[in-house]
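Now for the letters of each chain:
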Amino acid sequence: MELEAPQLTTWQGYVDWNNKPALRGRHGGMFAASFVLVAEILENLAFLANASNLVLYLKQHMHMSPSKSANNVTNFMGTAFLLALLGGFLSDAFFTTYRVYLISAVIEFMGLIVLTIQARDPWLKAPKCDRESPCEEVNGGRAAMLFVGLYLVALGVGGIKGSLPAHGGEQFDETTPSGRKQRSTFFNYFVFCLSCGALIAVTFVVWIEDNKGWQWGFAISTISIFLSIPVFLSGSPTYKNKIPSGSPLTTILKVLLAAVLNSCTYKNSSSAVVNMASSPSNPNSGRMESEQESVKANTTNKTPTGQLKFLNKAVTNKARYSSLECSVEEVEDVKVVVKVVPIFACTIILNCCLAQLSTFSVEQAASMNTKLGSLKVPPSSLPVFPVVFIMILAPIYDHIIIPYTRKATKSEMGISHLQRIGFGLVLSIVAMAVAALVEIKRKRVATESGQVDDPTKPLPITFLWIAFQYLFLGSADLFTLAGLLEYFFSEAPIRMRSLATSLSWASLAMGYYLSSAIVSVVNSVTGNGTHQPWLSGANFNHYQLHKFYWLMCVLSALNFLHYLFWATRYKYRNTGTTN
């Protein structure tokens, strides 16, 4: 009986958790990815349990102003998502996604312990307010402890977001249609599991924080992230882990620098090859070198594509320095990175809109009547609306909509990644328009009830009006985030996949930072002379929030037009996908 060749039973470029070659049939597949999905539920529960309610914690217990609380939340969440780039970089360059996740989970666990201790001890929080003096904002060592805990959590979250989605995506065989379909299902259910963790966070944990104390909320988050570690470890025998292939940033910088320098060399000296050809001492040397390069190119059967021809100079022109010699494969990899950057940039405004769900939308709801019958709903539980909608829509999308569109379009994807992202951008425009109209209604009720100058009493309007903007933005998040994760993972070169997938979270980070910047700019521009800034002051009823939402609606519409320009010109790297 003839034995099967060993190379046919191994996953090339992958190892198991003991650094031995990963084997087909034993490592990878949906079963291995299922451990990732469960770990993501626990991890996102730990993160969102605090992030969704943090603006009220900073306002009520740390005595920060509404605008400062909002900016601190957006800065914290922006940093967490931006650090996903670090997690992705380390996964590709030096460690596996497996190890980066474990290290990051421990760091987040430490940060949550710090926050739990502070929330438990009254001496570590801001001094209590009294009627004779204004509330004193947290400062000194107490503030330092708060921000150390928050940014340890941010570092851990960043590492997890930069490694966990890519780790799950790596478990599938992308060389087969069934493997690619399973990978698409994984990313859909990854967003579903994000929502599962969020559902528990914004209902049960937020209720605990508001009614039993923040120390219990932080404690639940601490336990949740701790439990995610053994859950993730239990899948170790089934994982296949991509072998790190060196810094992807080094490759990108090398190709870009080589293209620039080789272009300058070509323009200034007509290239070294031409100069050698014209040399009287060796008139045939240029021809000989060109023939050698041609033979080498034919041997590898690789030539640069016609897209982004400027980068081709990194290989078609003679390298000025030996350290800048590039292969065709490296040039083509960098071309893919350059092409996805505009798509990445076009999703930042959407995430800037999503940032409002954690800041001003929560404060809107807090000023309204939050009772449902005899039940008083915490304002921070409002994200339950988009979360539940995502949990319903994700399985429907994967099991009904996608199979139907695959038959209708006769394509492997059915609905392409870019189409999903574009639909999410359209929903964000609608969401901001709805948010502006709801705020106009809320302000009208405040005026008619005579409560504009009395923000301590809830307005006689139900907080369910806010659910509409949450619903549209939640739907936009489902389409865009799932589409982005799979788009970056499938389009990126294998050596850069973790870093590329991290761009999905980096877009969130940029959105949160941009939100803080826009708020600051708006306040600076509108606060001239005797006019009060739109988004400043202790009384939320004096804010011109509806004007801010209209501004975001206009920016989102312009951003969508920008997206169409790039999306309609994009050519997919892989087969089975069309615009």
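Owing to the predicted nature of the structure, the values given are computational and were not obtained by experimental measurement.

So, on to the environment of Leu471. Within the fold, Leu471 resides in helix 18 (residues 467–491). Judged by relative accessible area, Leu471 falls into the partly exposed class, the value being 31%.

For the rest of this paragraph, the subject is helix 12 (residues 309–316). When helix 12 is considered as a whole, its buried residues turn out to be Leu311, Asn312 and Ala314. The arc enclosing the buried residues of helix 12, seen along the axis, measures out at 135 degrees, which places them on a common side.

Our next topic: the packing of aromatic side chains. Scanning the model with the defined rule gives 30 aromatic pairs in all. Ring geometry for Phe89 against Phe94: centres 5.8 Å apart, planes inclined by 80 degrees, an arrangement best described as edge-to-face. Given a relative accessible area of 52%, Phe94 falls into the exposed group. Between Trp465 and Phe468 the ring centres are 6.1 Å apart and the planes differ by 50 degrees, which places this aromatic pair in the tilted class. Residue class for Trp465 comes out partly exposed when judged on its relative accessible area of 34%. Feature note: the residues Phe31, Phe35, Tyr98, Tyr101, Phe232 and Tyr239 constitute an aromatic cluster, connected by ring pairs. The ring of Trp11 carries Arg24 above its face, with NZ or CZ at 4.0 Å from the centroid. Over the aromatic face of Trp11 sits the side chain of Lys240, whose NZ or CZ is 4.2 Å from the ring centroid.

Right, let's get into the pattern of salt bridges. If you walk through the whole model with that rule in mind, you get 11 salt bridges. Measuring nitrogen to oxygen at the nearest pair gives 3.3 Å for the salt bridge that ties Asp173 to Arg24. In this pair, Asp173 is assigned in the loop between helix 6 (140–169) and helix 7 (177–211) and Arg24 in the loop between strand 2 (21–23) and helix 1 (30–51), connecting sequence segments 149 residues apart. With relative accessibility at 16%, the residue Asp173 sits in the buried group.

Further remarks concern the sheet that holds strand 1 (residues 10–15). One open sheet holds the three strands; their spatial order is 2-1-3, and the pairing between them is antiparallel. The strands lining the two open edges of the sheet, one partner per strand, are strand 2 and strand 3 (241–242). Examined bridge by bridge, strand 1 and strand 2 share two bridges and lie antiparallel to one another. What sits directly across from Val15, in strand 2, is Pro21.

What follows covers the confidence of the model for the protein chain. Here the protein chain averages 81 in pLDDT, while 89% of its residues score no lower than 70. Under a pLDDT of 50 for its full length, residues 1–8 has, in the predicted model, three contacts with residues more than four places off or in other chains.

For the rest of this paragraph, the subject is the packing of helix 17 (residues 417–448) against helix 18. Packing of helix 17 against helix 18 brings their axes to within 8 Å, and their N-to-C directions diverge by 160 degrees. Here helix 17 lies roughly antiparallel to helix 18, going by the angle between them. The crossing of helix 17 and helix 18 is left-handed. Residues that form the contact of helix 17 with helix 18 fall into these classes: 20 nonpolar, eight polar and two charged.

Conventions we followed
Residues numbered from 1 in each chain as written. Predicted model: local features only at pLDDT ≥ 70, side-chain atom pairs only at ≥ 80, totals over all residues. Heavy atoms only, no water. Helix = DSSP H or I, 4+ residues; strand = E, 2+ residues; numbered from the N terminus. Buried < 20%, exposed > 50% of the residue type's maximum accessible area, 1.4 Å probe, protein only. Arc of directions from axis to C-beta. Phe/Tyr/Trp six-rings, centres within 6.5 Å; stacked < 30°, edge-to-face > 60°. Lys NZ or Arg CZ within 6 Å of the ring centre and 35° of its normal. Salt bridge = Lys/Arg side-chain N within 4 Å of Asp/Glu carboxyl O. Pairing = 2+ DSSP bridges. pLDDT = per-residue confidence, 0-100. Contact = heavy atoms within 4.5 Å. Axes fitted to C-alpha atoms, helices over the stretch in contact; angles between N-to-C directions. Parallel < 35°, antiparallel > 145°, perpendicular 65-115°, else oblique. Left-handed = near helix turned anticlockwise from the far one by under 90°. Nonpolar A, V, L, I, M, F, W, Y, C, P; charged D, E, K, R; others polar.

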